[in-house]
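Coordinates in review
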Amino acid sequence: MVNKIADGPEAALADVRDGATVLVSGFGGAGVPEELIDALIAQGARDLTIVNNNAGNGEAGIAALFKARRIRKLICSYPRQVDSHHFQEAYRSGKVELEIVPQGTLSERLRAAGAGIGAFYTPTGFGTNLANGKETRIIGGKGHVLEYPLHGDFALVKAERGDRWGNLVYRKSARNYGPTMASAAKVTVAQVYETVELGKLDPECIVTPGIFVTRVVKVPRKARKIPAGGVTQGISGRAAA
Amino acid sequence: MSYAKLTREEIAKRIALDIPEGAYVNLGIGMPTLVGNHLPKEREVFLHSENGILGMGPAPAKGEEDADLINAGKEPVTLLTGGAFFHHTDSFAMMRGGHLDIAVLGAFQVSVSGDLANWHSGGDAIPAVGGAMDLAVGAKSVWVMMEHLTKEGRSKIVERCTYPLTGIGVVKRIYTDLAVVDVTPRGLVADRLVQGLSFDELQRVTGIPLVQSGNRAAA
């Protein structure tokens, strides 16, 4: 019988080595696998290359990994946020290497890794600083930049529900990088709030099929910090669902 | 003759009224987000958020916020009836694959030829690009929303951008607090100048050649 459900976060991450490249899902505070990151800190692996959209917020998650000085390199699209002080301190003191990637290129490089694509040309970034040193080519009269896949040794993703075959469904905008990162790593560990019997996830609606998932870890729900509202008073006046 | 600059809300309203029904639209973080507040209620417009939302709705009522439902600026939002969630790669396929009709973006500078500089203020600021470069090259139309002049009174519409570029020749239209400026093969065409502002005065503060549009009626 196949059972991908691991005993706990620590057991699921026991084989992460120093120097590993770890893909971590999440956009802002949504979809961040905080319990897996805590377990990674406890596990002790260092000199990690972390791939994430941001650079950690506040004290938890990736911010805590920076605080514990486990990150050698960060590959991300948007590290500049008011509460990413642990990253900023590490960056300003030269303790972390930073690779800035346009967000869609980051996502597509992960997709390319998962799909076995050797490289791809994209117009994004052409003629900008982020294309410095990269091969370029004019295709259909438009400048393109050559970009390579981004493979992970591990992917840590947050989903809502999973089963023992590793099938996953997500919740709202917490889905973000999860499905793509799950396909792009040698070992994918998914944390979920609920594990369900086989067949309970509607096969028409499974977002990440189990082939992309190595281990599933159930974590308890906890109260989440609600991000502060900003300038948005109301996008469109119509009723929300 | 004296004139009053438009407020940010007034610029947002101009833009909102120019967005046609059925359009798929991404509003950049910061000032462009205000456009959502002015979309006419009876007009169905699809707002896209890069983190995997189509049919994004208004901010939730206090106490109804959901930490799993946020916009690109990481603020709580809602989903309209009929809206959809999807993963990042699909979301950026929409942005990069030419599926969005309009992206409204903020800017530090826009050049005569439509070059956009909006992601990096230079110097020792920590670079952070997000989805700006993807929207710049991928949306069918890129509209910029910005103040016409810097705090020091220099035009943000320039001959050549001095800030790091986001995209080359990508901007179609610029909405400022003084006018609407179209980037066209025959140059920058200024239209809808604010009440009381003469073309000559706009030309003087902009500092680079503008073409006067035939239609100067205020919006």
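Note that this is a predicted model, so its numbers are computed, not measured. (Residues numbered from 1 in each chain as written. Chains lettered and ligands numbered in written order. Predicted model: local features only at pLDDT ≥ 70, side-chain atom pairs only at ≥ 80, totals over all residues.)

Contact geometry of helix H5 (residues 103–115) of chain A with helix H2 (residues 88–96) of chain B gives a least axis separation of 9 Å together with a crossing angle of 125°. In this view, H5 of chain A runs oblique relative to H2 of chain B, as classed from their interaxial angle. When the axes of H5 of chain A and H2 of chain B are compared, the crossing they make is left-handed. Counted together, Gln 103, Gly 104, Ser 107, Glu 108 and Arg 111 of chain A of H5 of chain A and His 88, Thr 89, Phe 92, Met 95 and Arg 96 of chain B of H2 of chain B form the full contact between these two elements. (Axes fitted to C-alpha atoms, helices over the stretch in contact; angles between N-to-C directions. Helix = DSSP H or I, 4+ residues; strand = E, 2+ residues; numbered from the N terminus. Parallel < 35°, antiparallel > 145°, perpendicular 65-115°, else oblique. Left-handed = near helix turned anticlockwise from the far one by under 90°. Contact = placed C-beta atoms within 7 Å.)

Moving on, we get to the interface of chain B and chain A. At the interface, 53 residues of chain B touch 52 residues of chain A. Listing elements by their share of the side of chain B that touches chain A, those giving two or more residues are strand E3 (53–57), strand E4 (78–85), H2 and helix H3 (132–138) of chain B. The element that contributes the greatest number of residues to the side of chain B that touches chain A is E4 of chain B, accounting for 6 residues. Looking at the side of chain B that touches chain A residue by residue, the class counts come to 27 nonpolar, 17 polar and 9 charged. (Nonpolar A, V, L, I, M, F, W, Y, C, P; charged D, E, K, R; others polar.)

On to the pairing of strand E1 (residues 21–24) of chain A. Residue and element names in this part refer to chain A. Two elements, E1 and strand E2 (residues 48–51), share 3 bridges in a ladder whose sense is parallel. For Thr 21, the partnering residue across the bridge sits in E2 and is Thr 49. Bridge analysis of E1 against strand E8 (residues 152–158) gives 3 bridges, and the strand direction is parallel. Note that in E8 the partner of Leu 23 across the bridge is Ala 155. (Pairing = 2+ DSSP bridges.)

Moving on, we come to unusual backbone geometry. All names here are of chain A. For Arg 69, which is not glycine, the phi torsion reads 60° and is therefore positive. Looking at where Arg 69 falls in the secondary structure, it is placed in the loop between helix H3 (62–67) and strand E3 (71–76). By the C-beta count within 10 Å, which is 13 here, Arg 69 ends up partly exposed. Its identity is not glycine, yet Lys 172 carries a phi of approximately 50°, on the positive side. Of note, Lys 172 is situated in the loop between strand E10 (168–169) and helix H6 (178–184). Assessed through the 20 C-beta atoms surrounding it within 10 Å, Lys 172 is described here as buried. (Buried ≥ 20, exposed ≤ 12 C-beta atoms within 10 Å, placed from the backbone.)

A few words now on the pairing of strand E7 (residues 142–147) of chain A. Residue and element names in this part refer to chain A. For strand E5 (residues 120–122) and E7, the ladder comprises 3 bridges, and the chain directions are antiparallel. Across the sheet, residue Tyr 121 finds its bridge partner in E7, namely Leu 146. Note that strand E6 (residues 136–139) and E7 share 4 bridges and pair antiparallel. The residue of E7 that forms the bridge with Thr 136 is Val 145. With antiparallel pairing between neighbouring strands as the criterion, E6 and E7 make up a hairpin whose turn holds 2 residues, including Gly 140 at a positive phi of roughly 60°.

Attention shifts here to the sheet that holds strand E9 (residues 157–158) of chain B. Residues and elements named next belong to chain B. Strand order in the open sheet formed by 3 strands is E7-E6-E9, and the pairing between neighbours is mixed. Strands at the two margins of the open sheet, each flanked by one partner only, are strand E7 (116–117) and E9. Across 2 bridges, the pairing between strand E6 (residues 109–111) and E7 is antiparallel. Bridging across to E7, Gln 109 finds its partner in Ala 117.

A few words now on helix H1 (residues 8–18) of chain B. Residues and elements named next belong to chain B. Here H1 has its buried residues at Ile 11, Ala 12, Ile 15 and Ala 16. Down the axis of H1, the buried set is contained in an arc of 135°. They therefore lie on one face. Next to the buried residues of H1 lie strand E5 (102–105), strand E8 (141–145) and strand E10 (171–175). (Arc of directions from axis to C-beta.)

Looking now at the confidence of the model for chain B. Per-residue confidence for chain B averages 95 on the pLDDT scale, and 97% of its residues sit at or above 70. Prediction confidence for the complex, expressed as pTM and ipTM, is 0.94 and 0.94 respectively. (pLDDT = per-residue confidence, 0-100.)

This part covers H2 of chain B. For H2 of chain B, the buried fraction is high: 7 of the 9 residues fall into the buried class. Every buried residue of H2 of chain B is listed here: His 88, Thr 89, Ser 91, Phe 92, Met 94, Met 95 and Arg 96 of chain B. Those residues of H2 of chain B that are buried are in contact with H5, E5 and H6 of chain A together with strand E1 (24–27), strand E2 (46–49) and H3 of chain B. Downstream of H2 of chain B by one or two residues, Gly 98 of chain B has phi in the positive range, about 80°.

Residue and element names in this part refer to chain A. If you trace the backbone, His 151 turns up in the loop between E7 and E8. The sequence separation of His 151 and Arg 72 amounts to 79 residues, and the corresponding C-alpha distance is 17 Å. Aside from chain neighbours lying at most four places away, what touches His 151 is Thr 21, Ala 113 and Ala 184.

Now for the sheet that holds E2 of chain A. Residue and element names in this part refer to chain A. Across the sheet, which stays open at both edges, the 7 strands sit in the order E4-E3-E2-E1-E8-E11-E13 with parallel pairing between neighbours. Because the sheet does not close on itself, it has two edges, and the strands there are strand E4 (97–100) and strand E13 (215–218). Within the sheet, the average angular offset between the axes of one strand and its neighbour, ignoring direction, is 20°. Of the strand pairs in this sheet, strand E11 (residues 185–192) and E13 are connected by 4 bridges, and their pairing is parallel. Within the sheet, the bridge partner assigned to Ala 190 lies in E13 and is Val 216.

Looking now at the environment of Asn 3 of chain A. Along the chain, Asn 3 of chain A turns up in the segment before helix H1 (9–12). Asn 3 of chain A sits 213 residues away from Val 216 of chain A along the chain, and the two C-alpha atoms are 9.0 Å apart.

Turning to the environment of Leu 110 of chain A, a few remarks are in order. All names here are of chain A. Assignment of secondary structure puts Leu 110 in helix H5. Along the primary structure Leu 110 and Ala 185 are separated by 75 residues, whereas in three dimensions their C-alpha atoms are 8.9 Å apart. Leu 110 has contacts with Leu 23, Leu 150, Thr 180, Met 181 and Ala 184, leaving out every residue within four places of it along the chain.

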